[in-house]
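Residue strings, one per chain:
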Amino acid sequence: RRFFKVKYIKTVFDDGRSGLTIIVEDVTLETEMEERLRISEARYRGIVEDQTELICRYSREGAISFANGAFCRLFQMNLTEALHHSLFEFIYPEAARQIKNGMQGCSPLSPVFESEFEFKLPSGRSRWYHWVSRMLPDDTGGILEYQGVGRDITERKNAERELLIKSHAMDSSIVPIALLSMEGAITYVN
């Protein structure tokens with residue numbers, strides 16, 4: 001397959017007759033490159049949209065410029081609605097401070113920071129997320145925006161809280177408690 005760009009130019013010849021000048025340019029390489037780019041972008045969009053992790057891009061002020069399907073589903077909105085919100089609307093003030101502090105600490109040499117916090121859901125409940133943010137630079141090396149990727153860690157946080165409660169209960173119990181390994185070695189005494 002070959003692709004050509006053809007230009008027709010009205011022309012008056014030396015003898016006064018009218019005609020056309022035809023200029024033909026081979027654009028096969030450019031056309032194939034554009035097609036490959038379109039396919040690559042479609043694959044990338046498919047990967048991002050099918051992620052179970054939350055993905056969004058946001059400005060220094062938290063204004064959302066992109067949110068994947070998982071993010072939109074969690075907050076029960078579509079992408080157009082998400083673009084009218086700030087990331088900071090969905091998190092508690094302490095978490096917003098963590099994110100803002102991480103953003104201030106970013107540089108081209110250290111563009112990534114991590115945090116764990118709760119997202120406030122439309123149902124009134126909340127879920128814990130491990131959030132990895134990356135500074136996205138512009139052409140001059142300045143900060144264009146940030147991209148955050150969040151993985152739900154609610155079950156882990158709940159298990160940690162349960163262990164802490166049980167540990168505290170055992171430590172403060174007036175009843176002697178000892179834990180033994182399967183081999184009979186004492187591993188804990190309150």
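Residues numbered from 1 in each chain as written. Predicted model: local features only at pLDDT ≥ 70, side-chain atom pairs only at ≥ 80, totals over all residues. Heavy atoms only, no water.

Looking at the element boundaries, Thr11 is found in strand β1 (residues 4-12). Within the structure, the side chain of Thr11 is placed 2.9 Å from the backbone oxygen of Ile9, a separation counted as a polar contact. A polar contact is formed between the side chain of Thr11 and the side chain of Thr21, at a distance of 2.5 Å. Setting aside anything within four residues of it in sequence, one finds Thr11 in contact with Arg17, Ser18, Gly19, Leu20 and Thr21. (Helix = DSSP H or I, 4+ residues; strand = E, 2+ residues; numbered from the N terminus. Polar contact = N/O pair within 3.5 Å; in protein donor to acceptor, adjacent residues only side chain to side chain. Contact = heavy atoms within 4.5 Å.)

Attention now goes to the pairing of strand β4 (residues 64-67). The pairing of strand β3 (residues 54-58) with β4 spans three bridges and is antiparallel. The residue of β4 that forms the bridge with Arg57 is Phe66. Connecting the antiparallel pair β3 and β4 is a turn made up of five residues, with Gly62 showing a positive phi of about 95°. (Pairing = 2+ DSSP bridges.)

Another aspect to go through is a nonpolar patch on the surface. On the surface, Phe4, Val6, Tyr8, Leu20, Ile22 and Val24 cluster together into a nonpolar patch covering about 610 Å² of accessible area. In this structure, Tyr8 sits in strand β1. When its relative accessible area of 57% is taken as the criterion, Tyr8 is described as exposed. (Patch = residues over 30% accessible without salt bridge, like charges linked within 9 Å, V, L, I, M, F, W, Y side chains within 5 Å. Areas by Shrake-Rupley, 256 points an atom, 1.4 Å probe, with all protein chains shown as cover. Salt bridge = Lys/Arg side-chain N within 4 Å of Asp/Glu carboxyl O. Buried < 20%, exposed > 50% of the residue type's maximum accessible area, 1.4 Å probe, protein only.)

Our focus in this paragraph is the state of the cysteines. Enumeration over the complete set of coordinates arrives at zero disulfides. Free cysteine Cys56: the closest other cysteine sulfur is in Cys72, separated by 9.5 Å. The class for Cys72 is buried, based on a relative accessible area of 7%. (Disulfide = S-S within 2.5 Å.)

The subject of this paragraph is the confidence of the model for the protein chain. Residues of the protein chain with pLDDT of at least 70 account for 92%, and the chain-wide mean is 87. The element-level mean pLDDT for the protein chain is lowest in strand β8 (residues 178-180), coming to 70, with β4 highest at 95. (pLDDT = per-residue confidence, 0-100.)

Here helix α4 (residues 93-104) is twelve residues long and its end C-alpha atoms lie 16 Å apart, about the 16 Å a rise of 1.5 Å per residue gives. Every buried residue of α4 is listed here: Ala95, Ala96, Ile99, Gly102 and Met103. All buried residues of α4 project into a common sector of 125° when viewed along the axis, lining one side. The outward face of α4, more than 90 degrees from its buried face, is lined by the exposed residues Pro93, Asn101 and Gln104. Where α4 is buried, its residues contact β3, β5 (112-120), β6 (126-137) and β7 (143-152). (Expected span 1.5 Å × (residues − 1). Arc of directions from axis to C-beta.)

Below, the discussion takes up the side chain of Ser59. Assignment of secondary structure puts Ser59 in the loop between β3 and β4. The residues contacting Ser59, other than those within four sequence positions of it, are Met103 and Tyr146.

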